[in-house]
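What follows is the residue order along each chain.
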Amino acid sequence: MPTVHARTCHICEANCGVLIEVEGREILSIKGNPDHVLSRGHICPKATAIADLQDDPDRLHKPVKKVDGKWQEIGWEQAFAEIASKLTNIKGQGGKPAMYLGNPSAHDYGITTQVGQLRRAIGLKNLYSASTLDQIPHHVVQYHMYGHVSLCPVPDIDRSQYLVIVGGNPAASNGSIWTVPDFKKRVKEMQARDGKLMVIDPRRTETAKLADEHHFVKPGTDTALFIAILKAVLDRKPDLNEQLNMLVDDSWSNVAPAISGFDMASLSAHCGVSEDVIEDIAANLSDNKPGAIYGRMGVSVTEFGTLNQWLIQAINIASGNLNREGGTLVPEPALDTINIVGRGSVEKIDTARGEMPNIMGELPTITFAEEMLREDDERIRALFVMTGNPVLSAPDGARMDRALETLDLMVSFDMYVTATSCHADYILPPCGPLEKDHYPFFFGPLAVRNYASYSPAIFDMPEGEKADWEIIAELARAIFAASGQDIPNIREPRDVLDNMLQSSPRGMTLAEIEAEPNGVDLGPLMPHLEDRLLTDDKKIQAAHPDFLDELKRFAVSLTERQPDALSLIGRRHVRQNNSWLANSKRLQKGPNRCTLMINPSDAAERGLSDGDMATVESRVNSVDIIVEITDDVMAGVVSMPHGFGHRRDGVELSVARENPNVSINDLTDPELYDRLSGNAVLNATPVTVVKVEELVAAE
Ligand SMILES: Nc1nc2c(c(=O)[nH]1)N[C@H]1C(S)=C(S)[C@@H](COP(=O)(O)OP(=O)(O)OC[C@H]3O[C@@H](n4cnc5c(=O)[nH]c(N)nc54)[C@H](O)[C@@H]3O)O[C@H]1N2
Ligand SMILES: Nc1nc2c(c(=O)[nH]1)N[C@H]1C(S)=C(S)[C@@H](COP(=O)(O)OP(=O)(O)OC[C@H]3O[C@@H](n4cnc5c(=O)[nH]c(N)nc54)[C@H](O)[C@@H]3O)O[C@H]1N2
Ligand code: SF4
Ligand SMILES: [Mo]
């Protein structure tokens, strides 16, 4: 008999409710759950990839060990014992271990609640992760302004009348640092109540096409745009409204003087957005209707990412939209990590490159390869890569390839042989996605409504398989034992979760949440920031000195000549997720998506026609890629998706069922980073593009 199970899709931050119909172990269908309290029936094509992942014949089911360059299946106990013993030996010789934690770990609360044990077993205070390729600038800003790295105001789209999205593409990404499933319909609803969406992006994206207005901006120059908007808002509203005046500390008075020296015409010329558009945005944000400005990857993974995210908060404050219904609000979810884990940290750390930011114990991933390649005693010799693919996701993938080859021990926690795990000595694969439970640990606190939703596993786990959390916990125990340390008790993720829920202000139990398969709706977001601030004086620290200093550094950069080169930006597609859905039959249908988008004028200048091959070259490397001519990208800009490039020379991978393609991160430059957060710069890479002339065979 078929049965239907309500569940949360674990693939992206939207956390949509899905209905999965199964018979025995066969998946019959995956549909949106119309009764889900947050996603209201919405799903995207990636939800169907859950079936492909679950049933993928290429997925690993048992640990594998590399012997003479070939993968050999081994038992779990052998794998744990060998890894523990090798690590203990390496550490005994003074060798340094490290860990890289990838994006899917954020979607598995079991990993979140257990990984601390493994870090303790290995002896790691700090780690590398996908976060320093992504959202670390947000955490720095939230830590300084609101007193906790995770206190994040999100746009209250359901009650907003004006939204400005800069460098985000939620129509494809389904939202980021903003859990907003059903984004398109929410925009349509806003437009139906006469609200407006404005998008600023160097590409006319899927989101731009939904918008009432879209304007191009030169990649990497948004700081000028934000300063200009802030100036224009302050001209209209020199004083804070009453509620924000009570919340904001005295440093607010430093903001206007700090930007008074910038002149509108130069700011506008620098970013390529006209003064009229800037004034219009400021006027819309400043009039009495509720609205917000929001910026994501396009403005975070740039040289002034932290400054950009601070300016966004400052604009929302100056225009009176922070902590306002329809403006930006901090969610109050069932599991409220803000009250139960520490504020986080913003520190500095010594690296091979000198002193670098160390935010929440995150080591900048841009320095990761050189810490493996360095030749002194500080060299990383043992590495644990959990749910990550840094060869494809971090800048200079070719160097990452070389660096991973120098390790004495590498362990990957992955279900595939990938461009990264192919370098490992051991791969420890988890069970299938429907054999584990799910809770939106990090995403309830970012959702557009207060809610909670727990999904139990649908299938029993096959004999001999393990969930990621069990693999982590058991390996941790083996390492504790091998190194003669006390073996701590391991508490199952469910118990940890239940405990955290009960310790949160709402005091719910896991059983109460589990009883509601469509999720528990805890109401709209509320303007309660005054009760949530964790700064010492319980006020918003409006202008941390680091941000004001960074403004000065930006002012200097304004006077520098911009390179003549084309500017390379990334993109996401709704049928992919970073590097790891490339093996899904359902998602890989359709035309090749790994193309270089180029504006017709730039193509003509280079003699390029649609479908030609071009060589794209940056400071670090070059790749050949098929050209797609479109005026959806701004003149002077080229765009390539990230997460491609699975084929590496001479290596057999599980993930190979796709068109020829290349990795954008063979072009991005690890020398570039955001000074305040250590975050990578993955957009606005200067490149040259030339046509690959067909070779004429010699007679
Ligand atoms: N140029 C450029 N580079 C980028 C970006 C960009 O926009 N442009 N985006 C950056 C961002 S935002 C991110 S988050 C990073 C992502 O970077 P990473 O996290 O390093 O890479 P992913 O591609 O997400 O790879 C995830 C890996 O985990 C495996 N995996 C998936 N699910 C599971 C699971 O449940 N258990 C286990 N054990 N393994 C699993 C997959 O097979 C895959 O190998 O990339 C960054 N890199
Ligand atoms: N379908 C799909 N969904 C995903 C993912 C995926 O790979 N595929 N990945 C998930 C992850 S890990 C994340 S972090 C989120 C990311 O979520 P988003 O940030 O919404 O996604 P991106 O597509 O990276 O959007 C960045 C936008 O910035 C623009 N941009 C690039 N450079 C600049 C610039 O200098 N200035 C401005 N203003 N814009 C610029 C790009 O054209 C692009 O439209 O998506 C998540 N959801
Ligand atoms: S938007 Fe798509 S991938 Fe993301 S949670 Fe929803 S169904 Fe899954
Ligand atoms: Mo991400």
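See the structure printed just above.
Keep in mind that what you see is a predicted model, and the values were worked out from it rather than measured.

Parameters and conventions
Residues numbered from 1 in each chain as written. Chains lettered and ligands numbered in written order. Predicted model: local features only at pLDDT ≥ 70, side-chain atom pairs only at ≥ 80, totals over all residues. Heavy atoms only, no water. Helix = DSSP H or I, 4+ residues; strand = E, 2+ residues; numbered from the N terminus. Rg over C-alpha atoms; globule rule 2.2 N^0.38 Å. Buried < 20%, exposed > 50% of the residue type's maximum accessible area, 1.4 Å probe, protein only. Contact = heavy atoms within 4.5 Å. Areas by Shrake-Rupley, 256 points an atom, 1.4 Å probe, with all protein chains shown as cover. Lys, Arg positive; Asp, Glu negative; His and termini not counted. Charge placed at Lys NZ, Arg CZ, Asp CG, Glu CD. Near = heavy atom within 4 Å. Nonpolar A, V, L, I, M, F, W, Y, C, P; charged D, E, K, R; others polar. Core = buried A, V, L, I, M, F, W, Y, C linked by side-chain atoms within 4.5 Å. Pairing = 2+ DSSP bridges. Axes fitted to C-alpha atoms, helices over the stretch in contact; angles between N-to-C directions. Polar contact = N/O pair within 3.5 Å; in protein donor to acceptor, adjacent residues only side chain to side chain. Salt bridge = Lys/Arg side-chain N within 4 Å of Asp/Glu carboxyl O.

Participant: Give me the overall build of the protein chain: which residues, what numbers.
Facilitator: Within the protein chain, the secondary structure is distributed over 25 helices and 27 strands. Its C-alpha atoms give the protein chain a radius of gyration of 25 Å, near enough to 27 Å, the size a compact globule of 699 residues would have. Seen through its C-alpha atoms, the protein chain measures out along the principal axes to roughly 80 × 70 × 55 Å. Looking at the protein chain as a whole, 61% of its 699 residues qualify as buried. Within the protein chain, residue pairs in contact and separated by at least 24 positions form 75% of the contacts whose partners lie at least 6 positions apart. Per element, the accessible surface of the protein chain, about 26,100 Å² overall, is 49% carbon and sulfur. Each charge sign in the protein chain was given a centre, from 68 positive and 100 negative side chains, and these centres are 1 Å apart.

Participant: An account of the site of ligand 3 is needed here, citing residue identities and associated values.
Facilitator: Around ligand 3, the surrounding shell consists of Cys9, Ile11, Cys12, Ala14, Asn15, Cys16, Ile43, Cys44, Lys46, Ala47 and Asn174. Classifying every residue of the shell around ligand 3 gives eight nonpolar, two polar and one charged.

Participant: I'd like to hear about the nonpolar core, residue by residue, with values.
Facilitator: As a rule of thumb, nonpolar side chains are buried together in soluble globular proteins. Ranked by internal contacts, the top residues of the largest apolar core, which has 64 residues, are Trp252, Trp310 and Ile540. Look past the residues within four positions of Trp310 in its chain and what remains in contact with it is Val141, Met145, Val255, Ala542, Ala543, Phe547, Leu548 and Leu551.

Participant: I'd like a description of the sheet that holds strand E10 (residues 196-200), backed by residues and values.
Facilitator: Reading across the sheet, the four strands line up as E11-E10-E9-E12 and stay open at both edges, with parallel pairing between neighbours. Lying at the two open borders of the sheet, with one neighbouring strand each, are strand E11 (213-215) and strand E12 (291-295). Strand-to-strand twist across the sheet, computed as the mean angle between neighbouring axes with direction ignored, equals 15°. Helix H8 (residues 222-236) rests against strand E9 (162-166), E10 and E12 of the sheet, and its axis sits at about 155° to E9.

Participant: Describe in detail the sheet that holds strand E23 (residues 595-598), supporting the description with residues and values.
Facilitator: Here six strands make up a closed barrel; going around it, the order is E22-E26-E23-E25-E24-E27 and the pairing mixed. Between one strand axis and the next, the sheet turns through 45° on average, direction left out of account. Pairing of strand E24 (residues 613-617) with strand E27 (residues 685-691), which is carried by four bridges, proceeds in the antiparallel orientation. Bridging from a neighbouring strand, Thr615 pairs with Val690 of E27.

Participant: Outline the site of ligand 2, listing residues and values.
Facilitator: In the neighbourhood of ligand 2, 33 residues make up the surrounding shell, with Asp201, Asp222, Arg572, Gln576 and Asn578 lying closest. Within the backbone of Gly298, a nitrogen or oxygen atom sits 3.4 Å from an oxygen atom of ligand 2. Taken by itself ligand 2 offers 920 Å² of open surface, and the protein chains cover 97% of this. Elements with a contribution of two residues or more to the shell around ligand 2: helix H5 (170-173) and helix H13 (297-300). Across the shell around ligand 2, the residue classes tally to 11 nonpolar, 14 polar and eight charged.

Participant: Report on the pattern of salt bridges, specifying residues and quantitative values.
Facilitator: The tally for this structure, following the rule as stated, stands at 36 salt bridges. Two residues, Lys209 and Asp632, come together in a salt bridge whose shortest N-O distance is 2.8 Å. Taken as a pair, Lys209 in helix H7 (residues 206-210) and Asp632 in the loop between strand E25 (622-629) and strand E26 (637-639) lie far apart in primary sequence, 423 residues in all. You can call Asp632 buried: its relative accessible area is 16%.

Participant: Kindly report on the pairing of strand E3 (residues 26-32), identifying the contributing residues and their values.
Facilitator: Looking at chain direction, strand E2 (residues 17-23) and E3 are connected through six bridges and run antiparallel. By the bridge assignment, Val22 is partnered in E3 with Ile27.

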